[in-house]
Amino acid sequence: MFYLAIKHATMDFLFAPSPALAGCLLHGMVKALPGGGYVLPAGMHPLILVILRGEIRVCRPGGMQPMARFSLCGGTRESLRAWATPGTRILTLAVKPGQLRRIVDFPALTIMDSWADFDDFLTGQERGEAARCQARLAETDDTAGQVQAVMALLSVLHQGRAGGKADIVLPPDGFSLPPAALAARFGLSLRQFERRFRASYGQSLRGLRQQLRCSQLMRFVAGRPSGAGTWADVAARFGYCDQSHLIHDVLRFTGYTPGQLAAGVASDDPAFWPYRVAPHHMTHLFGPSGY
């Protein structure tokens, strides 16, 4: 089995994707939500979200909007307020940078700051496979069987696009290089590189760098060790101009001030469940970049 064995349907767990999908997807997570309101931090990666049981609603300009049972969620540049019924259970899978079009025909830019029901963009045989998957999800409460059904569907989608090329994927040192240097590395003009980068990552290089820095900061704040210094010290450590700059970014990407975030994670407040992820699990779920 490619997923972790589980003994109880109520357990939370992580699982590795099948070898065929490992190039496209990071580890998946099955989690029971505590219910009630919470704030989702901004996320740099497109995400496949499957509601195995229960209901999630997300605050949008027109009011609270229900999530589809099987959704493709784009990256987000701001935090989102959400609400779940008690006992809601979800499966999430982050898509690796530049790999979204090897699963579905959506460039990351198209789905940025939004989400779509899988039924809205699948066609032909794929729609039939999705219907069978959703029927399987509805007929069983066995989590292992549900995970198998989802992975089987994603395998079919990937097989149909296995020959497709990934979008631009930056090398490990890429985020520190000037855009012109990156364009030259890919053999593109600066304008071509910027256009293809946005299609691949959903936003500009400058915007992604800001989000990446805050994501790394969020990981630090969530597990902030004693003796880490003042927030001004932390701001300097992560390359912010000053403490107010740090607070502005953390508010934008998490919905909380740094102090509120640190206190919430340290408390038993269930609304802070998105941040209670062990560092080694965080890497499995989102890669070295974090959220």
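Up top is the structure these notes are about.
Throughout what follows, the structure given in this document is the object of discussion. (Residues numbered from 1 in each chain as written. Predicted model: local features only at pLDDT ≥ 70, side-chain atom pairs only at ≥ 80, totals over all residues. Heavy atoms only, no water.)

Before going further, it helps to examine the packing of helix H2 (residues 124-139) against helix H3 (residues 143-159). Taken N-terminus to C-terminus, the directions of H2 and H3 make an angle of 175 degrees; their axes are 9 Å apart at the nearest point. When the axes of H2 and H3 are compared, the pair comes out roughly antiparallel. Across the interface between the two elements, Glu126, Glu129, Ala130, Cys133, Arg136 and Leu137 from H2 touch Gly145, Gln146, Ala149, Val150, Leu153, Val156 and Leu157 from H3. Residue classes in the contact of H2 with H3 are distributed as eight nonpolar, two polar and three charged. (Axes fitted to C-alpha atoms, helices over the stretch in contact; angles between N-to-C directions. Helix = DSSP H or I, 4+ residues; strand = E, 2+ residues; numbered from the N terminus. Parallel < 35°, antiparallel > 145°, perpendicular 65-115°, else oblique. Contact = heavy atoms within 4.5 Å. Nonpolar A, V, L, I, M, F, W, Y, C, P; charged D, E, K, R; others polar.)

Once that is clear, we can look at the pattern of salt bridges. Scanning all chains against the criterion turns up eleven salt bridges. A salt bridge links Arg89 to Asp12, with the shortest nitrogen-to-oxygen separation between them at 3.8 Å. You can see Arg89 sitting in strand E9 (residues 89-95) and its partner Asp12 sitting in the segment before strand E1 (13-15), a full 77 residues away along the chain. According to the relative accessible area criterion, Asp12 is partly exposed, its value standing at 38%. (Salt bridge = Lys/Arg side-chain N within 4 Å of Asp/Glu carboxyl O. Buried < 20%, exposed > 50% of the residue type's maximum accessible area, 1.4 Å probe, protein only.)

Turning next to helix H8 (residues 243-254). Look at H8: 16 Å from first C-alpha to last across twelve residues, which is about the 16 Å you get at 1.5 Å a residue. Buried within H8 we find Leu246, Asp249, Val250, Phe253 and Thr254. Angularly, the buried residues of H8 cover 100 degrees about the axis, an arc narrow enough to put them on a single face. In the stretch just after H8, Gly255 is the one whose phi turns positive, near 85 degrees. (Expected span 1.5 Å × (residues − 1). Arc of directions from axis to C-beta.)

Ordered in space as E1-E2-E9-E4-E7-E10, the six strands form an open sheet in which the pairing is antiparallel. Edge positions in the sheet fall to E1 and strand E10 (115-117), since each has one partner strand and no second. The average angle at which neighbouring strand axes cross in this sheet is 20 degrees, direction not considered. H3 rests against E1, strand E2 (25-32), strand E4 (47-53), strand E7 (70-73) and E9 of the sheet, and its axis sits at about 30 degrees to E9. (Pairing = 2+ DSSP bridges.)

Within the sequence span of helix H9 (residues 258-266), burial applies to Pro258, Leu261, Gly264 and Val265. Down the axis of H9, the sector holding all buried residues measures 135 degrees, keeping them to one side.

Let us now look at the sheet that holds strand E8 (residues 80-84). With antiparallel pairing, the four strands of this open sheet are ordered in space as E3-E8-E5-E6. Taken across any chain shown, the strands that pair with only one partner, and hence form the sheet edges, are strand E3 (36-40) and strand E6 (63-66). Recorded for the sheet is a direction-independent mean angle of 35 degrees between the axes of neighbouring strands. Two elements, E3 and E8, share five bridges in a ladder whose sense is antiparallel. Counterpart to Gly37 in the pairing with E8 is Trp83.

We now examine the packing of aromatic side chains. Enumeration according to the criterion identifies ten aromatic pairs in this entry. Taken together, a centroid distance of 5.1 Å and an interplanar angle of 55 degrees make the contact between Phe118 and Phe121 tilted. An aromatic cluster is defined as three or more aromatic residues linked by ring pairs; in this entry it consists of Phe175, Phe186, Phe193, Phe197 and Tyr201. The ring of Tyr240 has Arg213 lying over it, and the distance from NZ or CZ to the ring centre is 4.0 Å. (Phe/Tyr/Trp six-rings, centres within 6.5 Å; stacked < 30°, edge-to-face > 60°. Lys NZ or Arg CZ within 6 Å of the ring centre and 35° of its normal.)

The nonpolar side chains of a soluble globular protein tend to be buried with one another. Core analysis: the biggest nonpolar cluster contains 35 residues, and Tyr38, Ile56, Met67, Leu217 and Leu261 have the highest contact counts within it. For this core, the secondary-structure elements that each account for two or more residues are E3, E4, strand E5 (56-60), E8, helix H6 (205-222), helix H7 (231-237), H8 and H9. Among the elements that make up this core, the one with the highest residue count is H6 (five residues). Contacts of Leu261, omitting those with residues within four sequence positions, involve Val221, Val250, Thr254, Tyr256, Phe272 and Tyr275. (Core = buried A, V, L, I, M, F, W, Y, C linked by side-chain atoms within 4.5 Å.)

It is worth spelling out the pairing of E4 at this point. The buried count for E4 comes to five of seven residues, which makes it a mostly enclosed element. Alignment of E4 against E7, held across four bridges, turns out to be antiparallel. Paired with Val50 across the two strands is Phe70, which belongs to E7. For E4 and E9, the ladder comprises six bridges, and the chain directions are antiparallel. Of the residues in E9, the one forming a bridge with Ile48 is Leu93.

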